[in-house]
Amino acid sequence: MSILVYAESAADGHFKKAALEAVSYAKSIADKAGDTVTAVAINATESSDALYKYGANKVLKITNDALKNFSPNAYAKVLNELKDGDTIVLPATNDASSFAPLLALKSSSTLVTNLIAAPSNVSPFTAERKAFSGKGIETIEVTEGAKVLTVLQNAFGLKENPVSGSEEAVNVSVSEADAKEKVTQVQQASSDKIDLKEAEIVVSGGRGMKGPENWGMIEELAKLLGAATASSKPVADIGWRPHSEHVGQTGKAISPKLYIAIGISGAIQHLAGVNSSKTIVVINSDAEAPFFKSADYGIVGDAFEVVPKLIEEVKKYKGV
Ligand SMILES: Cc1cc2nc3c(=O)[nH]c(=O)nc-3n(C[C@H](O)[C@H](O)[C@H](O)COP(=O)(O)OP(=O)(O)OC[C@H]3O[C@@H](n4cnc5c(N)ncnc54)[C@H](O)[C@@H]3O)c2cc1C
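It should be emphasised that the depicted structure is a prediction, and the values quoted were computed from it without experimental measurement.

Caption draft 1: Broad picture of the overall build of the chain. Across its full length, the chain holds 8 helices and 15 strands. In summary, the chain has a C-alpha radius of gyration of 21 Å against a globular reference of 20 Å for 320 residues, a match within 12%. Expressed as a percentage of its 320 residues, the buried residues of the chain come to 51%. Partitioning the contacts of the chain with sequence separation of at least 6, the portion at a separation of at least 24 is 65%. Accessible surface for the chain amounts to roughly 14900 Å². Of this, 49% is attributable to carbon and sulfur atoms. Computed over 33 positive and 38 negative side-chain charges, the inter-centroid distance for the chain is 2 Å.

The structure is reproduced here in structure tokens:
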């Protein structure tokens, strides 16, 4: 038997980092269960070597025009058709999370989302997941039957586990009629931007930044650190920043290694999207700002004084 894993690729045909993390996670289950890992690559152009590196024994390559535009129904149908065991692993990306419930329904499986650690046991399947919008960690147990699992980005991480894998081109019985609803257009804000959901470091600004004209320093700090930029909801609502950057309960949920919050109060709705971050740094002029309670490091100070100094120090450190 084999653990099936969806190796999601980006619009440029390259595997997403989240896909490689999902392969790593599938490998951790396979090693414990004595199974192999089979990855499904849909319309990907990158070599399968990237998947072998993280433990995929076999890669099923699908090239099909009906799957060119993402469709939850069609993708769920394909994965259900290809499963060869009782476990399917998906990255917790927006696309995969949108079809995971449908896939669980089609395959009569239990759905477990946002897993963060390798299972402590595979029978019954026992593992930790993020719960309550990231505020808690829950240990779940699937006592019987098949399961569909999603793996939270930047949580379990990438684990190199090279195997000499093989590739197989497969045909699937999917047509345009299966794409009951599909994505017809994707607007890329900027191709050189780091994907916010995948970023290991995120620099984020709130209303304390006073206006969009002051975002230069957020962007400069982000560029120096190789980080993505984010914002609080009001900032996106006012139009200072695009909504694609808005994090929180009603925006994107992220879990970077480092989250730097500048001029953000730390409302519960904001925290819901960022409190899975490994390390949180808060810069706020108000010592009573609620965000400091969730911070690993806090700087009480004016962002317009602190951030330029931070940029200066990072530049010195990096010798640029
Ligand atoms: C149903 C619902 C859903 C919501 N979903 C979200 C969500 O997904 N994401 C989200 O972010 N919010 C969300 N909100 C809004 C949330 O409640 C807060 O209103 C919002 O997060 C506040 O944004 P802010 O921290 O940028 O602004 P403010 O609350 O105005 O805070 C600005 C902060 O900047 C500090 N500051 C001011 N000047 C400076 C300076 N010069 N230097 C340093 N610090 C300074 C202030 O001390 C203050 O703490 C939601 C609200 C509701 C009701």
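Caption draft 2: Highlighting the sheet that holds strand β12 (residues 228–231). The 5 strands lie next to each other as β12-β11-β13-β14-β15, forming an open sheet whose pairing is parallel. Two strands bound the open sheet, and with one partner strand each, they are β12 and β15 (297–300). Each neighbouring strand pair of the sheet contributes to a mean axis angle of 15 degrees, computed without reference to strand direction. With 5 bridges joining them, strand β13 (residues 258–262) and strand β14 (residues 279–284) adopt parallel strand pairing. Counted as the bridge partner of Ile262 is Ile283 from β14. Helix α5 (residues 216–225) rests against β11 (201–205), β12 and β13 of the sheet, and its axis sits at about 175 degrees to β11. Set on the sheet, helix α8 (residues 303–318) makes contact with β13, β14 and β15; between it and β14 the angle comes to about 130 degrees.

Caption draft 3: Here's a closer look at the site of the ligand. Taken together, 26 residues sit near the ligand, with Arg207, Ser232, Ser265, Gln269 and Asn284 positioned nearest. Interatomic distance of 2.6 Å between a side-chain N/O atom of Ser232 and an oxygen atom of the ligand. Elements represented by at least two residues in the shell around the ligand include exactly α6 (233–238), α7 (268–274) and α8. Among the residues forming the shell around the ligand, the class breakdown is 6 nonpolar, 15 polar and 5 charged.

Caption draft 4: Local environment of the UniProt feature "binding site: FAD" (unreviewed entry) in the chain. What UniProt calls "binding site: FAD" (unreviewed entry) maps, in this numbering, to Arg207, Gly263, Ile264, Ser265, Gly266, Ala267, Ile268, Gln269, His270 and Asn284. With respect to the secondary-structure elements, Ala267 resides in the loop between β13 and α7. Residue placement: Ile268 occurs in helix α7.

Caption draft 5: Local environment of the environment of Asp302. Within the element layout of this structure, Asp302 appears in the loop between β15 and α8. Taking the C-alpha atoms as reference, Asp302 lies 41 Å from Asp12; in sequence the two are 290 residues apart. A distance of 2.9 Å separates the side chain of Asp302 from the backbone nitrogen of Phe304, its partner in a polar contact.

Caption draft 6: Main features of the pattern of salt bridges. According to the stated counting rule, one finds 16 salt bridges in the structure shown. For Arg129, the salt bridge identified is with Glu138, shortest N-O distance 2.7 Å. You can call Arg129 buried: its relative accessible area is 16%. Of the residues examined, Glu138 reaches a relative accessible area of 31% and is grouped as partly exposed. Here Glu245 ties to Arg241 by a salt bridge, and the two come within 3.0 Å at their closest N and O atoms. Beyond isolated ion pairs, a larger network of salt bridges with shared partners links Lys17, Glu21, Glu200 and Lys257.

Caption draft 7: How the structure looks around the UniProt feature "domain: Electron transfer flavoprotein alpha/beta-subunit N-terminal" (unreviewed entry) in the chain. When the UniProt feature table is mapped onto this chain numbering, "domain: Electron transfer flavoprotein alpha/beta-subunit N-terminal" (unreviewed entry) sits at residues 3–183. Helix makes up 25% of residues 3–183 and strand 29%. Its end C-alpha atoms lie 28 Å apart.

Quick notes on the rules
- Residues numbered from 1 in each chain as written.
- Predicted model: local features only at pLDDT ≥ 70, side-chain atom pairs only at ≥ 80, totals over all residues.
- Heavy atoms only, no water.
- Helix = DSSP H or I, 4+ residues; strand = E, 2+ residues; numbered from the N terminus.
- Rg over C-alpha atoms; globule rule 2.2 N^0.38 Å.
- Buried < 20%, exposed > 50% of the residue type's maximum accessible area, 1.4 Å probe, protein only.
- Contact = heavy atoms within 4.5 Å.
- Areas by Shrake-Rupley, 256 points an atom, 1.4 Å probe, with all protein chains shown as cover.
- Lys, Arg positive; Asp, Glu negative; His and termini not counted.
- Charge placed at Lys NZ, Arg CZ, Asp CG, Glu CD.
- Pairing = 2+ DSSP bridges.
- Axes fitted to C-alpha atoms, helices over the stretch in contact; angles between N-to-C directions.
- Near = heavy atom within 4 Å.
- Polar contact = N/O pair within 3.5 Å; in protein donor to acceptor, adjacent residues only side chain to side chain.
- Nonpolar A, V, L, I, M, F, W, Y, C, P; charged D, E, K, R; others polar.
- UniProt positions renumbered as here; feature names shortened; annotations may be inferred.
- Salt bridge = Lys/Arg side-chain N within 4 Å of Asp/Glu carboxyl O.

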